[in-house]
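The primary structure of each chain is shown beneath.
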Amino acid sequence: MSLPDLGTFALVNDRLDRLSDYPFTRLAALLSGVTPRANAEPIMMSVGEPQHQPPAIIDETLRANAHLWGKYPPVGGTPEFREAVGAWLARRYALPDGLFDAEKSVLPVSGTREALFLLALLAVPPSKAGRQPAVLMPNPFYAPYEGAALLAGAEPVFLPSTRETGFLPDLDALTPELLERTALFYLCTPANPQGAAADAAYLERAIGLARRYGFILAVDECYAEIYLDKPPVGALQVASGLNHGGPDHKTGPWANILVFHSLSKRSSAAGLRSGFVAGDPELMSRFTRLRSYSNAGMPLPVLAASAALWRDEAHVEENRALYRAKFDAAEASLKGRYGYYRPDGGFFLWLEVGDGEEATRRLWAEGGIRVLPGAYLTRSNPGEANPGAPFIRIALVNDAETVAHACSTIARILG
Ligand SMILES: Cc1ncc(COP(=O)(O)O)c(C=O)c1O
């Protein structure tokens, strides 16, 4: 589905024409006219939208703060919100006392999607090293990274993140020529969709490159709380243990780094639209300035509910237990097939099925199971086949019983 041709009347930003249809628009087009068998109850596993009951804390806090709906929220949030986030970061990532100043280094965002997108406007200069700036991202990638890069006038560069590279971009494959013109690097850990988590050595190396070549390292840690065994390390955690400064880069423990966290997955609260950005205080003050022009701010009752959620761990532990049960359920029928593996984090299966689009059509037609073709999350680099084409992504967001049923049906249909 392409956009209507406006002919010679270039009334809009023609960079928009370079965006592909969003993955779910493409999925709807692929499956339009395909009707699941009459006896198949549809099971939606295409969207990463947690289906667990959101914690009661949300409702209670929204009610208790209902008198604040009439107020415009401050762009930087409230001291209470920043304090709750700072305390959570310090706990989760064992940050040394006093190193992280939440007053200067935390911004609330209405879902990390909008912040990840807007970030490119902060990061991309008109040119870098005399060339068009590059924005690096993994391949597969979260769609807004690409849209943000294109609309900011940068060249999106898709870094292979295959089984051979440990499902994360190979940092050793980045050439100095590319790094010199890099303005921004989106890194997702645990990765969507492959679930691979970067280790400390990897993050240290990525931070080193950002500082040496002067770009922003944006670490999308949205899935950091949905892990199966051990909590993945985070970029701030690694940065807190590094030498803070040096002759060839900015100083300060968080220099060049921004991390993105969300309550959508951690607290099964995608509809709350609540996340935060944290990191380099200099970048944060510029981001605040940009956001004061572009964003509405997070409503005060939502800030209060979000602060309460960041203070609570019990509901997150329950969440993780539910996801573990789903992976157990999936494993019972998929282990040993389609390259199944148990990821470090996140709640997706990334299965190699031959032809991802064909498998998606068959699963919908024959089983009423809606998944996403891998090719909709990847781009082909020049001269190469689309690396996502053989894959499908399956979101384990339904209850364990439904997951068990769906996965055995998938195995039966795909053979
Ligand atoms: C990798 C990744 N980053 C960011 C987001 C955005 O989440 P939200 O805007 O709900 O915080 C998602 C949501 O699916 C995601 O998968």
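This is a predicted model, so every value here is computed, not measured. (Residues numbered from 1 in each chain as written. Predicted model: local features only at pLDDT ≥ 70, side-chain atom pairs only at ≥ 80, totals over all residues. Heavy atoms only, no water.)

**Q** How would you summarise the packing of aromatic side chains if you had to cite specific residues and measurements?
**A** For any two aromatic rings, the description comes down to two numbers: the centre-to-centre distance and the angle of the planes. All chains considered together, the criterion is met by 16 aromatic pairs. Both rings, one in W88 and one in W310, keep their centres 4.7 Å apart while their planes meet at 50°; by these two values the pair is tilted. Placement of W88 in helix α3 (residues 79–92) and of W310 in helix α12 (residues 300–311) is noted, with a sequence separation of 222 residues between them. A ring pair is formed by F276 and W310, whose centres lie 5.0 Å apart and whose planes are at 70°; its orientation type is edge-to-face. Of this pair, F276 sits in strand β8 (residues 275–279) while W310 sits in helix α12, placing them 34 residues apart in sequence. Each member of the pair, F276 as well as W310, carries the same accessibility label: buried. An aromatic cluster of at least three residues, connected via ring pairs, comprises W88, Y93, F276 and W310. Above the ring of F287, the side-chain terminus of R291 is found at 5.4 Å from the ring centroid. Directly above the ring of W364 sits R370, whose terminal nitrogen or CZ lies 4.8 Å from the centroid. (Phe/Tyr/Trp six-rings, centres within 6.5 Å; stacked < 30°, edge-to-face > 60°. Helix = DSSP H or I, 4+ residues; strand = E, 2+ residues; numbered from the N terminus. Buried < 20%, exposed > 50% of the residue type's maximum accessible area, 1.4 Å probe, protein only. Lys NZ or Arg CZ within 6 Å of the ring centre and 35° of its normal.)

**Q** Report on the nonpolar core, specifying residues and quantitative values.
**A** The biggest cluster of nonpolar side chains holds 72 residues, and the ones touching the most others in it are L89, F100, L174, F185, L236 and F276. Ranked by residue count, the leading element in this core is α12, at 8 residues. Y186, I216, F260 and L283 belong to the second-largest nonpolar core, a separate cluster that totals 30 residues. (Core = buried A, V, L, I, M, F, W, Y, C linked by side-chain atoms within 4.5 Å.)

**Q** For the site of the ligand, give the residues involved together with the corresponding values.
**A** In the vicinity of the ligand lie 14 residues, with D220, Y223, S262, S264 and R273 positioned nearest. In this structure, an oxygen atom belonging to the ligand sits 2.8 Å away from a side-chain N or O atom of N192. Interatomic distance of 2.7 Å between a side-chain N/O atom of R273 and an oxygen atom of the ligand. Elements that contribute at least two residues to the shell around the ligand include exactly α5 (112–123) and α10 (263–266). By residue number, the principal contributor to the shell around the ligand is α5, which donates 3 residues. (Near = heavy atom within 4 Å. Polar contact = N/O pair within 3.5 Å; in protein donor to acceptor, adjacent residues only side chain to side chain.)

**Q** Outline the pattern of salt bridges, supporting the account with residue identities and numerical values.
**A** With the rule as written, the count across this model stands at 17 salt bridges. Salt-bridge contacts for R131 lead to E177; the nearest nitrogen and oxygen are separated by 2.4 Å. Within this pair, whereas R131 is found in the loop between α5 and β3 (134–139), its partner E177 is found in helix α7 (residues 176–180), the two being separated by 46 residues in sequence. Residue R181 pairs with E177 through a salt bridge whose shortest N-O separation is 3.6 Å. (Salt bridge = Lys/Arg side-chain N within 4 Å of Asp/Glu carboxyl O.)

**Q** Could you give me a rundown of the sheet that holds strand β5 (residues 182–188), with the residues and numbers involved?
**A** In a beta sheet, neighbouring strands pair by backbone hydrogen bonds and run either parallel or antiparallel. Taken together, 7 strands build an open sheet; the order of strands is β2-β8-β7-β6-β5-β3-β4 and the sheet is mixed. At either end of the open sheet lies a strand with only one pairing partner, and these are β2 (106–109) and β4 (155–160). This sheet shows a mean twist of 20° between the axes of neighbouring strands, independent of strand direction. Of the pairings in the sheet, the one linking β3 to β4 comprises 6 bridges and is parallel in character. Pairing of M137 across the sheet is with F158, part of β4. (Pairing = 2+ DSSP bridges. Axes fitted to C-alpha atoms, helices over the stretch in contact; angles between N-to-C directions.)

**Q** Help me get a handle on the side chain of E221, residues and values and all.
**A** Residue placement: E221 occurs in the loop between β6 (216–220) and α9 (235–240). Among buried Asp, Glu, Lys and Arg side chains, E221 stands out as unpaired, with R92 the closest opposite charge at 7.1 Å. A polar contact of 3.5 Å, which involves the side chain of E221, links it to the side chain of Y93. In this structure, E221 is in contact with Y93, T189, G234, A235, V259, F260 and H261, ignoring residues within four places of it in sequence. (Lys, Arg positive; Asp, Glu negative; His and termini not counted. Contact = heavy atoms within 4.5 Å.)

**Q** Provide a residue-level description of unusual backbone geometry, including the pertinent values.
**A** The amide bond that connects N139 to the next residue, P140, takes the cis arrangement and shows omega of 15°. Position of P140 relative to the elements: it lies in the loop between β3 and α6 (143–151). The amide bond that connects T189 to the next residue, P190, takes the cis arrangement and shows omega of -10°. Relative to the helices and strands, P190 resides in the loop between β5 and α8 (200–213). In this model, A129 sits at a positive phi of 55°, which is unusual for a non-glycine residue. Here A129 lies in the loop between α5 and β3. A positive phi angle, near 50°, is found at S268, a position not held by glycine. Of the residues examined, S268 reaches a relative accessible area of 5% and is grouped as buried.

**Q** Before we move on, can you summarise the environment of G195 with the specific residues and values?
**A** The topology assignment puts G195 in the loop between β5 and α8. The exposure class of G195 is buried, given its relative accessible area of 2%. Put simply, G195 and F347 are 152 residues apart on the chain and 7.5 Å apart in space, counted from C-alpha to C-alpha. When residues no more than four places from it in sequence are discounted, the contact partners of G195 are P190, P343, D344 and G345.

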